[in-house]
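Close look at the chain arrangement
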Amino acid sequence: MDSRSFFHHALTVDREKCRGCTHCMKKCPTQAIRIINGKAHVDPKRCIDCGVCMDVCPHKAIGIEQERFNQIFTYPRRVAIIPSLLIGQFEEEYSEEQIINALYDLGFTDVYYGEFGADILRVLGKSTSGYADETPVISSYCPAVIRLIQLSYPSLLPNVNLLRTPAQITALYVREKLEREGVDSEDIGIFYVSGCAAKVGQILTWKSKKNSLIQGGLNLDTLCNILLESVKKHSVNDKERRTYHPVPFITEQSFLWSLVGGESREMSHRTLAIDEIHNVTEFLELVEDDRHEEIDFLELRSCDTGCTGGILAPRNRFLATQRIRYQATKHPSSIPRELSDEILSFKDTLIREIKGERFPQHHALQLDTDPQRALVKLEKVNEIEKILPGIDCGLCGYPSCRTLSEEIAQGNASIRSCCVLKMKHPKQFSRLEKIWGDVIQKR
Amino acid sequence: MHLNYSVKARDFTSAGSVSSAIKKVLKQLNIPPADIKRIIVALYEAEVNIVAHSYGGTIECELSHDRIELTISDEGPGISDLTMAMTEGYSTATEEVREMGFGAGMGLSNIKKNSDVLAIDTAADSPTIIHMTFNLKQGG
């Protein structure tokens, strides 16, 4: 797979609004951002779509790509796959039934919970951790974490669970079910609601491939706005509603799946659930060094408090978590016989498709692909770093003196970028240029 | 390229910091992940050994494109029975060290398993010098 088609990045920088203030650059956990000509640029090779930059931008210059809502009407059968997170975005006064029915009012013909896929797995008797070559098995649910592993921890790729996510399994099931009812495969459009940049990017990456399970994505914040308007309008004349749609089936425990500990609770043996990208990074270092003790399964989530902390989730993440917990208690704890029989009737197809593609390595930290040249560059990096002030002010447009050294050694930046050196020793530059002449380039 | 670090005895909270620093360097050199893993596992064991068993020491790392050499030296007290020390599960660690979660007796055997060439120079009441060589796969 070539590097261009590798990831679709959903984060975009609005050049009008960006003031090159360096907030995003300094907080980016993978040092993917540079300020060039006064504007933030995201290096697609290093970005993992975690959304931290968008969260810290004081000028609202970072946004997330969005597909048009009307795309759903290209398909006669329009399936919404929603995360329980969607319900968490609404205050108690809006009932789950109201929200679900508002989705139908918007034009969807079918609505399913993404986490219902966890119920399907339970019926199929599949242990959800069974699809990795090494332990501890790492959950593949959070796409930002998977990208982080692909970029920075490639030695842990054999630990990543290849089992499809619950939403994908739900999509497989829905498609099979509708086709059995006689609906033409091409008439079915399955849309997934994403609460974060990484999931939007993941859907757009899938979409670029043939025979994608999911035909498009809807951003959670936008959908919440549309739903809220619709709910308000319809609640008045609820009695006049011609068709009433019941809440789609999901068990209590699956409803809790996307909260921290929701996935690992399903696993046997020793499990650990870790949320927030820095915590995740810290733990991946330990796993990489074989210092993770006897952990069998790792649930890793890039966002603080798990998916409720997603950048597209408008409501306070603690309140959203609370609503999901409360709402879960209204759902049954077991799957009715008729439903499990129906799921089992699709068993062969589901099991055949249950495993996703292997995640390729996409290591981006090396100074050169050739270790010998990388070594020469590394020696240069260390020498240049000694000259730089080491205060990581970011005025050069790089997140740290170390990253500037690396870019100079690779021929991508000039030592003249350093404003501190320029002020301190204006005359020394020609001497420095003599030393580092071969690596100095004007940007 | 040559890297040099010192390791303090009994400083369990910092044990592993040299391994982490060297791991970052190895990643930048595009060394195959499997090689990085075995180097770091062996190095980490040796680093913990200095902390848990010695009076302090140094870690030297010599990098070339096809080979990594690590020299781990301490100031004593040395290993009196090296054959026993190399046995899996054999440990001379004190209760204090074991309580910290170290001292399972896997250190030296893990180092041997992961390195390509291993030389240990030691005796009772003398410094210990461990020299490990890792040959790298080509075309990482």
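Relevant structure appears above.
Let me sum up the structure you'll find in this document. (Residues numbered from 1 in each chain as written. Chains lettered and ligands numbered in written order. Predicted model: local features only at pLDDT ≥ 70, side-chain atom pairs only at ≥ 80, totals over all residues. Heavy atoms only, no water.)

A closer look at the environment of B:Val48
This is how the line gets drawn: In this description a helix means any DSSP run of H or I spanning at least four residues, a strand means any run of E spanning at least two, and both kinds are numbered starting from the N terminus.
Considering the arrangement of structural elements, one finds B:Val48 in helix H2 (residues 33-53). Sequence-wise, B:Val48 and B:Ser126 are 78 residues apart; in three dimensions their C-alpha atoms are separated by 18 Å.

Details of the pairing of strand S2 (residues 33-36) of chain A
Residue and element names in this part refer to chain A. Note the cut-off: The pairing criterion for strands is at least two bridges between them, as found by DSSP.
Where S2 and strand S3 (residues 39-42) come together, 4 bridges link them in antiparallel fashion. What sits directly across from Ile-35, in S3, is Ala-40. Linking S2 to S3, which pair antiparallel, is a turn of 2 residues; within it Asn-37 sits at a positive phi near 50°.

Section: the pattern of salt bridges
Residue and element names in this part refer to chain B. Operational definition: When a carboxyl oxygen of Asp or Glu is within 4 Å of a side-chain nitrogen of Lys or Arg, the pair counts as a salt bridge. The rule is simple: take the accessible area with a 1.4 Å probe, protein chains only, and divide by the maximum for that residue type; under 20% is buried, over 50% is exposed, in between is partly exposed.
Following the criterion strictly, the structure yields 24 salt bridges over all chains and no others. The partner of Asp-35 in a salt bridge is Arg-38, and the shortest N-O contact between them spans 2.9 Å. Of this pair, Asp-35 and Arg-38 both sit in helix H2, 3 residues apart, roughly one helical turn. For Asp-35, a relative accessible area of 1% translates into the label buried. Across the pair Arg-38 and Asp-116 runs a salt bridge, and its minimum N-O distance is 3.0 Å. With Arg-38 in helix H2 and Asp-116 in the loop between helix H5 (107-114) and strand S4 (117-121), the pair connects residues that are 78 residues apart, well separated along the chain.

Focus: the pairing of strand S8 (residues 188-194) of chain A
Residues and elements named next belong to chain A. A large share of S8 lies buried, amounting to 7 of its 7 residues. The side-chain alternation of S8 yields two buried faces, one formed by Ile-188, Ile-190, Tyr-192 and Ser-194 and the other by Gly-189, Phe-191 and Val-193. Across 5 bridges, strand S5 (residues 77-82) lies against S8 in parallel orientation. Each bridged residue has a counterpart across the sheet, and for Ala-80 the counterpart in S8 is Phe-191. For S8 and strand S9 (residues 216-219), the ladder comprises 4 bridges, and the chain directions are parallel.

Description of the interface of chain A and chain B
Rule in force here: Contacts: residue pairs with any heavy atoms within 4.5 Å of one another. Buried area is calculated as the accessible area (1.4 Å probe) missing from two parts once they are joined, with the contributions of both summed. All amino acids are sorted into three groups, where Ala, Val, Leu, Ile, Met, Phe, Trp, Tyr, Cys and Pro are nonpolar, Asp, Glu, Lys and Arg are charged, and the leftover types, Gly among them, are polar.
On the chain B side, the residues contacting the 25 residues of chain A number 17 residues. Buried area between chain A and chain B, both sides added, is near 2,100 Å², and the carbon and sulfur share of it is 54%. Taken as a group, A:Arg291, A:Pro371 and A:Leu375 account for 25% of the area that chain A buries against chain B, more than any other trio of residues on that side. Where chain A meets chain B, there are 4 salt bridges. Where B:Lys23 meets A:Glu288, a salt bridge forms, and the shortest distance between an N and an O atom there is 2.8 Å. Those elements giving two or more residues to the side of chain A that touches chain B turn out to be helix H12 (277-288), helix H16 (371-387) and helix H17 (401-409) of chain A. Per-element tally for the side of chain A that touches chain B: the top contributor is H16(A), with 7 residues. For the side of chain A that touches chain B, a count of residues per class yields 8 nonpolar, 8 polar and 9 charged.

By themselves, these observations are geometric and do not establish any function.
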